[in-house]
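Tertiary structure, described
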Amino acid sequence: MSNEKVNLLNLNREGLTQFFAEIGEKSFRATQVLKWIHQFGVDDFDEMTNLSKALRTKLKETAVVQGPDVVSEQISEDGTIKWALSLNGGQAIEAVFIPENSRGTLCISSQVGCALDCSFCSTAQQGFNRNLSVAEIIGQLWFAVKKLGNQQMTGERRVSNVVMMGMGEPLLNFDNVCNALDMMLDDCAYGLSKRRVTISTSGVVPALKRLSERLDVALALSLHAADDDLRDILVPINKKYPLDVLLPAVKDYLEHSNASSMVTIEYVMLKGVNDTPEHAFALAKLLKDIPSKVNLIPFNPFPDTQYETSTDKVIDEFTRILTNKGYIVITRRTRGDDIDAACGQLVGKVNDKTKRKERRTIPVQQITA
Ligand code: SAH
């Protein structure tokens, strides 16, 4: 019977309010339950002590709070933690916690695999499998907060930032990602600042517009090349939404947003491919009218890749050129690479045997947002 029960982890405040209305309960129950689940990490209705006994019994009969199962935890020498979470059907996703001095960032997945086929990303090798449910997306944060100690218990917010930079393209799982983001921002759930919640996208233009109408979070753009010819190869969705369509859409997003006055431009450093001084000048020129800061990501290698990481010297020169042009440039320190937790190294390894042969990608023209 339990698979007929409603998983309350799938429901944001609006969904919970509707759920309680349907079972004849007042809307303030939604707030109470939201707090129990997300602030206190409670999944047992018996522990929700400000609900009447009768309501608890009713909830036990109709609902569950079910997060993804965590099948492994790896801790890097630098403190980064990677969790593999298994989903129904034997698939797996990964979430990564990156502790830093003044903040703790959780990197969350939005899909099992990815359809976009970026040539330098190991998740792409796996192909696209399916979208994650809301429970599976928010379940990554729910689990991490429980595991690291929630604020109610520790008095400290260990996860202060969330980046949708794990597996998948968040804007291609729009509704579920937005409903999960609602909970991240809701004061009765995680109450994260909208400036500290970032969606990273390869540039699904129509969804970017919908996003600005739906909610407000910080934006990162996986640019990786400053001209269409190269970007078509590195980030094939560029063939559908080329730079002259993408960049105005990003600018529009920023104009609507209070969370993001600048877009973070992600730029993977690939030796001899996109890392020369000419590329840096072209990038500076392209971004001239876009309020942006540049995040250089040294390429993280994975088995069978054709790419290599740019040398430190080349990255320094690239940085110098952009800095001289007035850009803020940060080189993303590679974190957790000893446990394959760095950008672009996430793959659902539990599913290793079927991973490669079931590779499924969608031709760019068929990708609809
Ligand atoms: N689909 C989203 C989230 C992807 S992962 C997006 O495209 O933005 C987050 C970042 O890691 C992206 O900028 C992605 O391009 C980058 N990345 C992917 N593979 C990488 C690799 N092997 N080395 C370094 N960065 C990589």
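Residues numbered from 1 in each chain as written. Predicted model: local features only at pLDDT ≥ 70, side-chain atom pairs only at ≥ 80, totals over all residues. Heavy atoms only, no water.

1. Details of the packing of aromatic side chains
Heads up, the condition is: Each pair of aromatic rings taken from Phe, Tyr and Trp, with Trp reduced to its six-membered ring, is defined by centres within 6.5 Å and is described as stacked if the planes are under 30 degrees apart, edge-to-face if over 60, and tilted in the remaining cases. For the purposes of this entry, the term helix denotes a DSSP run of H or I that reaches at least four residues, the term strand denotes a run of E that reaches at least two, and both are numbered from the N terminus. Throughout this description, buried means an accessible area under 20% of the type-specific maximum (1.4 Å probe, protein chains only), exposed means over 50%, and partly exposed covers the range between. Charges are assigned to positions over rings by a cutoff of 6 Å between ring centre and Lys NZ or Arg CZ, combined with an angular limit of 35 degrees from the ring normal.
Under the counting rule described, the total for this entry stands at six aromatic pairs. A centroid spacing of 5.3 Å and a plane angle of 85 degrees characterise the contact between Trp83 and Phe143, whose relative ring orientation is edge-to-face. A residue pair is termed long-range when its members are at least 10 positions apart, and Trp83 in strand β4 (residues 81-86) and Phe143 in helix α5 (residues 134-148) qualify at 60 residues. Across this residue pair, the class does not change: Trp83 and Phe143 are buried. Ring geometry for Phe299 and Phe302: centres 6.0 Å apart, planes at 65 degrees, overall edge-to-face. An identical accessibility class is assigned to Phe299 and Phe302; each is buried. Counting every residue linked through ring pairs, the aromatic cluster contains Phe299, Phe302 and Tyr307. In this arrangement the basic side chain of Arg210 is found over the ring face of Phe174, its NZ or CZ atom lying 4.0 Å from the centre.

2. A look at helix α2 (residues 28-39)
An α-helix turns once per 3.6 residues; consequently, residues spaced three or four apart project the same way. Where we set the bar: Given the number of residues in a helix, its expected span is that number minus one, multiplied by 1.5 Å.
If you check α2, its first and last C-alpha atoms are 16 Å apart, about what 12 residues at 1.5 Å a residue would give, namely 16 Å. Of all 12 residues in α2, nine are buried; the element is thus mostly enclosed. Along α2, the residues classified as buried are Arg29, Ala30, Gln32, Val33, Leu34, Trp36, Ile37, His38 and Gln39. Gly41 sits one or two residues past α2 and shows a positive phi near 65 degrees.

3. Remarks on the pairing of strand β3 (residues 69-75)
To be explicit about the condition: Criterion used throughout: strands pair if DSSP finds at least two bridges between them.
Pairing geometry for β3 and β4, over six bridges, is antiparallel. The residue of β4 that forms the bridge with Glu73 is Trp83. The hairpin formed by β3 and β4 contains five residues between the paired strands, and Gly79 there has a positive phi angle of roughly 95 degrees.

4. A closer look at the pattern of salt bridges
Basically, it comes down to this: We define a salt bridge as a side-chain nitrogen of Lys or Arg found within 4 Å of a carboxyl oxygen belonging to Asp or Glu.
This model, assessed by the stated rule, comprises 16 salt bridges. Taking the shortest distance from any N to any O, the salt bridge between Glu94 and Lys82 comes out at 3.6 Å. Here Lys82 lies in strand β4 and Glu94 lies in strand β5 (residues 92-99), a separation of 12 residues in the sequence. Of the two residues examined, Glu94 and Lys82, each falls in the buried class. A single network of salt bridges, built from pairs that share partners, joins Glu25, Arg29 and Lys58.

5. A word on the side chain of Thr198
The cut-off we apply is this: By the convention used here, residues are in contact when the closest approach between their heavy atoms is within 4.5 Å.
Examined against the element boundaries, Thr198 turns out to sit in strand β10 (residues 197-201). If we ignore the near neighbours within four places in the chain, the residues touching Thr198 are Val162, Val163, Met164, Met165, Ala218, Leu219 and Ala220.

6. Notes on the packing of helix α8 (residues 205-214) against helix α10 (residues 243-256)
Operational definition: Working convention: axes come from line fits to C-alpha atoms, limited for helices to the stretch in contact. Angles between N-to-C directions cover 0 to 180 degrees. Orientation is classified from the angle alone, with under 35 degrees giving roughly parallel, over 145 giving roughly antiparallel, 65 to 115 giving roughly perpendicular, and any other angle giving oblique. Note on residue classes: Ala, Val, Leu, Ile, Met, Phe, Trp, Tyr, Cys and Pro are nonpolar, Asp, Glu, Lys and Arg are charged, and everything else, Gly too, is polar.
Orientation of α8 relative to α10, taken along the N-to-C sense of each, is 5 degrees, at an axis distance of 9 Å. Between α8 and α10, the angle is such that the two are roughly parallel. Packed against α8, whose contacting residues are Val205, Leu208, Leu211 and Ser212, the element α10 presents Val245, Leu246, Ala249, Val250, Tyr253 and His256 at the interface. For the contact of α8 with α10, the class distribution of residues is eight nonpolar, two polar and no charged.

7. Some points on the packing of helix α1 (residues 13-22) against α2
Put simply, the rule reads: It is the rotation of the near helix from the far one that decides the hand of a crossing: anticlockwise by less than a right angle makes it left-handed, clockwise makes it right-handed.
Closest axis-to-axis distance for the α1/α2 pair is 8 Å, and the angle between their directions is 125 degrees. Considered as vectors, α1 and α2 are oriented oblique to each other. Once α1 is placed against α2, the crossing between them reads as right-handed. Counting all contacts with α1, which are made through Arg13, Leu16, Thr17 and Phe20, the residues of α2 involved are Arg29, Ala30, Thr31, Val33 and Leu34. Here the residues of the contact of α1 with α2 are counted per class, giving five nonpolar, two polar and two charged.

8. Section: the state of the cysteines
For clarity, the threshold we go by: Note that a disulfide, as used here, is simply two cysteine sulfur atoms within 2.5 Å.
Considering all chains together, one arrives at zero disulfides under this definition. Cys121 carries a free sulfur, and the closest cysteine sulfur to it, the one in Cys118, is 6.3 Å from it. Free of any disulfide, Cys178 has its nearest neighbouring cysteine sulfur in Cys114, separated by 17 Å. With relative accessibility at 1%, the residue Cys178 sits in the buried group.

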